[in-house]
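Okay, here's what each chain looks like letter by letter:
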Amino acid sequence: MPAFITFGRILFAVIFIASGAMKFLDLGTAADTIANKVIPTLPADILPYTQQLEELVKMELKQILAIAAAALELIGGIMIALNFGARFFALVLVLFVMAATFYFHDFWNLTGADAKGQMIHALKNLSLIGGLFMIAGIGKGPRMDVYSEA
């Protein structure tokens, strides 16, 4: 049975690895999407800090956030697949998926077919959150002694 858990964890992580890689391969589109959905909702109190960050790294906030999202998905997915820090990365990805659902799949603000489509994405993300909680709960899993089952 441990092989099933390993195989399932690897297959589960593919969505994060692929999504992170796709964001890196088309960083401009990811940055523009973030600029349209996330940045306008940021509290005015943090804008001076975002401006300092932009000046420090010589990039727009949308690019910084796109790189951060891509890196988080890619690294988190790889670490879960390799079962290295799986609990930690699963919990970090729970927060990421919650934020992504709130900002990008806001079916409660839509009507008609758009609302239904975004609700499906939100429910998919809810399932991902459930899987991430299972990975966080299992961690590396129980230690198995191959020779004790003889």
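Scroll up a little and you will see the structure.
These numbers come from a predicted model, not from an experiment.

Points about the overall build of the chain
So, point 1. Helices and strands together make up the secondary structure of the chain, namely six helices and zero strands.
So, point 2. Going residue by residue from the N terminus, the α and β elements of the chain occur as α-α-α-α-α-α.
So, point 3. Dimensions of the chain, computed from the C-alpha atoms along their principal axes, are close to 65 × 45 × 30 Å.
So, point 4. The proportion of buried residues among the 150 residues of the chain is 29%.
So, point 5. Intrachain contacts of the chain at a sequence separation of at least 6 include 69% that bridge at least 24 residues.
So, point 6. A total accessible area of about 9800 Å² is found for the chain, and carbon and sulfur atoms account for 70% of it.

Quick word on the environment of I75
So, point 1. Assignment of secondary structure puts I75 in helix α4 (residues 61-82).
So, point 2. Sequence separation between I75 and A18 is 57 residues, and the spatial gap between their C-alpha atoms is 11 Å.

Overview of the pattern of salt bridges
So, point 1. Inspection of every chain in the model, using the stated rule, returns three salt bridges.
So, point 2. Notably, a salt bridge pairs D32 with K62, separated by 2.8 Å at the nearest N-O pair. Within this pair, whereas D32 is found in helix α2 (residues 27-37), its partner K62 is found in helix α4, the two being separated by 30 residues in sequence.
So, point 3. A relative accessible area of 38% places D32 in the partly exposed class.
So, point 4. Close ionic contact of D106 with K37 constitutes a salt bridge, the shortest N to O distance being 3.8 Å. Taken together, the residues span a long stretch of sequence, with D106 in the loop between α5 (86-104) and α6 (112-138) and K37 in helix α2 at a distance of 69 residues.
So, point 5. The class for K37 is partly exposed, based on a relative accessible area of 33%.

A word on the environment of P40
So, point 1. Looking at the secondary structure, you find P40 in the loop between α2 and α3 (47-57).
So, point 2. Sequence spacing of P40 and K62 is 22 residues, and the spatial spacing of their C-alpha atoms is 11 Å.

Observations regarding α2
So, point 1. Among the residues of α2, those classed as buried are A30, A31 and I34. Projection of α2 onto a plane perpendicular to its axis shows the buried side chains occupying an angular sector of 100°, all on one side.

Here we look at the environment of G20
So, point 1. Assignment of secondary structure puts G20 in helix α1 (residues 2-25).
So, point 2. The sequence separation of G20 and A69 amounts to 49 residues, and the corresponding C-alpha distance is 7.2 Å.
So, point 3. If sequence neighbours within four positions are ignored, G20 has contacts with A70, E73 and L74.

Topic: the layout of surface pockets
So, point 1. Roughly 640 Å³ of volume is contained in the largest pocket.
So, point 2. Lining the largest pocket are 25 residues, and of these K23, E73, F96, A100 and F104 sit closest to its centre.
So, point 3. Mapped by element, the contributors of at least two residues to the lining of the largest pocket are α1, α2, α4, α5 and α6.
So, point 4. For the lining of the largest pocket, the element with the most residues is α5, which contributes six residues.

Section: unusual backbone geometry
So, point 1. Of note in this structure, K58 is not a glycine but carries a positive phi near 60°.
So, point 2. For K58, the position within the fold is in the loop between α3 and α4.
So, point 3. Of the residues examined, K58 reaches a relative accessible area of 71% and is grouped as exposed.
So, point 4. Positioned with a positive phi, N83 is a non-glycine residue whose angle comes to about 60°.
So, point 5. When you line up the elements, N83 lands in the loop between α4 and α5.

Each value, and the rule that gives it
- Residues numbered from 1 in each chain as written.
- Predicted model: local features only at pLDDT ≥ 70, side-chain atom pairs only at ≥ 80, totals over all residues.
- Heavy atoms only, no water.
- Helix = DSSP H or I, 4+ residues; strand = E, 2+ residues; numbered from the N terminus.
- Buried < 20%, exposed > 50% of the residue type's maximum accessible area, 1.4 Å probe, protein only.
- Contact = heavy atoms within 4.5 Å.
- Areas by Shrake-Rupley, 256 points an atom, 1.4 Å probe, with all protein chains shown as cover.
- Salt bridge = Lys/Arg side-chain N within 4 Å of Asp/Glu carboxyl O.
- Arc of directions from axis to C-beta.
- 1 Å grid on protein atoms, 1.4 Å probe; cavity = no way out; pocket = protein on both sides within 12 Å on 5 of 7 lines; lining within 4 Å.
- Points joined across faces, edges and corners; volume = space filled by probe spheres on them.

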